[in-house]
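Now for the letters of each chain:
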Amino acid sequence: MADRNPALMAGIPELVVLSLLADREMYGYEIARSIKTVTQDLLSVGEGVLYPALHAMESRRLLRSRSIRVDGRMRIYYGVTARGKTRLARLTSDWRRMSRGVESILGSPSHA
Amino acid sequence: MHDHPFATLRGALLRMGVAPRHARRVVMELDTHFQQLVDEALARGDTEEAARGAARERLGTEQSLIERYAGMPELRAWSSRWPAAWFTLVPLISFIALFVAAMAALVLIAEQMSAYLHQVHVPAGVSSRIDGVAKIFFLWVLPLAIAAAFARLAYRRRVALHWPVAGIAIVCCLAALINVDVVLTGGAPPGQLGAGIGFSTHALPGQLAHAAAILTLVVGPLWLAWRRHRLDGMTAD
């Protein structure tokens, strides 16, 4: 997800993961599947590299985790912390502002 | 039997300095994820082989994961972020702290027993044996245990040997320079407890032998384990 254009994509994986987890806890496979489903494959993610991102966000206390054994397999569920919610609000606001800015440029007469 | 798709990932991440809990966890999570992708593909009617191939492709290569971890210093172990401080200062501080704590415990025990000790006479042989046990504990067991703990940590984290060996050598030298005396006589006074650190040319050969003995006992196995691990790695390659 972050590999196509690192400068443009910086912060997006974090925004996507935080907003998906804001509603409910999920584990890695579920997060990857939700990204595919919700974005209708518009955002492709190397599913394996989701984990270092989740661990890094957890170490920054944006996420918390708990382990649950289901059908003999251990799943680690991630949820958003209070700090994560604050970060999500900021990233969402930044994204909307940037998106409006880019839309205005793309919609200006010189691009018509 | 199927090949494990991330069999060597944990070792690679540890060698890179990723904290063991993250290395252990990512392998476990990837394994669960892999199995679910395989189940998903099998449910669609894929063959086992095709399902495993597709799952591997979706998860990406070990190399891509290793590269991703390399760019995340917050996921690295402290011992990897600051190996010099971790493997030289922490063993030294641990040794001093445990030494002081054990001495304080001895003083506390002696104080609790002072009423009893005033009434008894401890034979010279028993007193000498107590002193001998205390010396063995403070000057051999304690430094050996600390040095071995950090050697084990260094091996588990796959860090280069120079800092752990330097740290172990510092602990060994300190242990060799310390002297401990526990004299329990009973009666009044009931005995004395003393510890000091000293250096003299007269005692130097003994102190050097003491330090070298602990160093050899700890660094020898560490070096052998390290060498075996490297040879195994070369064979695997």
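Note that the coordinates shown come from a computational prediction; the quantities given were computed from them, not determined experimentally. (Residues numbered from 1 in each chain as written. Chains lettered and ligands numbered in written order. Predicted model: local features only at pLDDT ≥ 70, side-chain atom pairs only at ≥ 80, totals over all residues.)

**Structural notes on the overall build of chain B**
Step number 1: Per the secondary structure count, chain B includes ten helices and two strands.
Step number 2: Along the chain direction, N to C, the helices and strands of chain B fall in the order α-α-α-α-α-α-α-α-α-β-β-α.
Step number 3: When burial is assessed residue by residue, chain B has 27% of its 237 residues classed as buried.
Step number 4: Summarising the internal contacts of chain B: among those between residues at least 6 apart in sequence, 74% fall at separations of at least 24. (Helix = DSSP H or I, 4+ residues; strand = E, 2+ residues; numbered from the N terminus. Buried ≥ 20, exposed ≤ 12 C-beta atoms within 10 Å, placed from the backbone. Contact = placed C-beta atoms within 7 Å.)

**A short note on the interface of chain B and chain A**
Step number 1: On the side of chain A, 16 residues touch chain B, which itself brings 20 residues to the contact.
Step number 2: Those elements that provide at least two residues to the side of chain B that touches chain A are helix 2 (20–43), helix 3 (48–59) and helix 4 (62–70) of chain B.
Step number 3: Looking at which element gives the most residues to the side of chain B that touches chain A, the answer is helix 2 of chain B, with ten residues.
Step number 4: The class makeup of the residues in the side of chain B that touches chain A is eight nonpolar, seven polar and five charged. (Nonpolar A, V, L, I, M, F, W, Y, C, P; charged D, E, K, R; others polar.)

**Quick word on helix 3 (residues 28–38) of chain A**
Step number 1: Those residues of helix 3 of chain A that sit buried are Gly28, Tyr29, Ile31, Ala32 and Ile35 of chain A. Down the axis of helix 3 of chain A, the buried set is contained in an arc of 170 degrees. They therefore lie on one face.
Step number 2: Looking at the packing, one finds that the buried side of helix 3 of chain A touches helix 2 (12–23), strand 1 (26–27) and helix 4 (50–59) of chain A together with helix 2 of chain B.
Step number 3: Phi for Gln40 of chain A, located one or two positions after helix 3 of chain A, is positive at around 50 degrees. (Arc of directions from axis to C-beta.)

**Focus on the packing of helix 2 of chain B against helix 3 of chain B**
Residues and elements named next belong to chain B.
Step number 1: Two elements in contact, helix 2 and helix 3, have axes whose closest approach is 8 Å; the angle formed by their N-to-C orientations is 135 degrees. Taken together, the axes of helix 2 and helix 3 are oblique relative to one another. Considering the relative orientation of helix 2 and helix 3, their crossing is right-handed. Listed contacts from helix 3 to Leu30, His33, Phe34, Leu37, Val38, Ala41 and Leu42 of helix 2 are Glu48, Ala50, Ala51, Arg52, Ala54, Ala55, Arg58 and Leu59. (Axes fitted to C-alpha atoms, helices over the stretch in contact; angles between N-to-C directions. Parallel < 35°, antiparallel > 145°, perpendicular 65-115°, else oblique. Left-handed = near helix turned anticlockwise from the far one by under 90°.)

**A closer look at the nonpolar core**
Step number 1: Core analysis: the biggest nonpolar cluster contains 40 residues, and Val17 and Leu54 of chain A have the highest contact counts within it.
Step number 2: In terms of residues, this core owes the most to one element, helix 2 of chain B, which gives seven residues.
Step number 3: In this view, Val17 of chain A contacts Ile31, Ala53, Leu54 and Met57 of chain A; residues no more than four positions away in its chain are not counted.
Step number 4: Formed by 27 residues, the second largest nonpolar core is a distinct cluster that contains Leu139, Val182, Ala211 and Ile214 of chain B. (Core = buried A, V, L, I, M, F, W, Y, C linked by C-beta atoms within 7 Å.)

**Details of helix 4 of chain A**
Step number 1: In terms of burial, helix 4 of chain A is a largely internal element, nine of the ten residues being buried.
Step number 2: Each element contacted by the buried residues of helix 4 of chain A is listed here: helix 2, helix 3, strand 2 (63–70) and strand 3 (73–80) of chain A together with helix 2 and helix 4 of chain B.
Step number 3: A positive backbone phi angle near 65 degrees is found at Arg61 of chain A, which sits one or two residues after helix 4 of chain A.

**Here we look at unusual backbone geometry**
All names here are of chain A.
Step number 1: At Arg61, a position not held by glycine, the phi torsion is positive, near 65 degrees.
Step number 2: Within the secondary structure, Arg61 sits in the loop between helix 4 and strand 2.
Step number 3: Given 12 C-beta atoms within a 10 Å radius, Arg61 is considered exposed.
Step number 4: Phi is positive for Asp71, which is not a glycine, with a value near 50 degrees.
Step number 5: Residue position: Asp71 is located in the loop between strand 2 and strand 3.
Step number 6: Take Asp71: there are 7 C-beta atoms within 10 Å of it, and that puts it in the exposed class.

**Here we look at the environment of Met26 of chain A**
Residue and element names in this part refer to chain A.
Step number 1: Mapped onto the secondary structure, Met26 falls in strand 1.
Step number 2: Separated by 53 residues in sequence, Met26 and Gly79 place their C-alpha atoms 7.0 Å apart.
Step number 3: Leaving out residues up to four positions away in the same chain, Met26 has contacts with Leu20, Leu21, Ile31, Ser34, Tyr77 and Tyr78.

**Thoughts on the pairing of strand 3 of chain A**
All names here are of chain A.
Step number 1: Alignment of strand 1 against strand 3, held across two bridges, turns out to be antiparallel. Pairing of Met26 across the sheet is with Tyr78, part of strand 3.
Step number 2: For strand 2 and strand 3, the ladder comprises eight bridges, and the chain directions are antiparallel. By the bridge assignment for strand 3, Ile68 is matched with Arg75.
Step number 3: Once strand 2 ends, the chain turns through two residues before running back antiparallel as strand 3, passing Asp71 with a positive phi of about 50 degrees. (Pairing = 2+ DSSP bridges.)

**Topic: the sheet that holds strand 2 of chain A**
Step number 1: Strand order in this open sheet of three strands is 1-3-2 (chain A), and the pairing throughout is antiparallel. The open sheet has two edge strands with one neighbour each: strand 1 and strand 2 of chain A.

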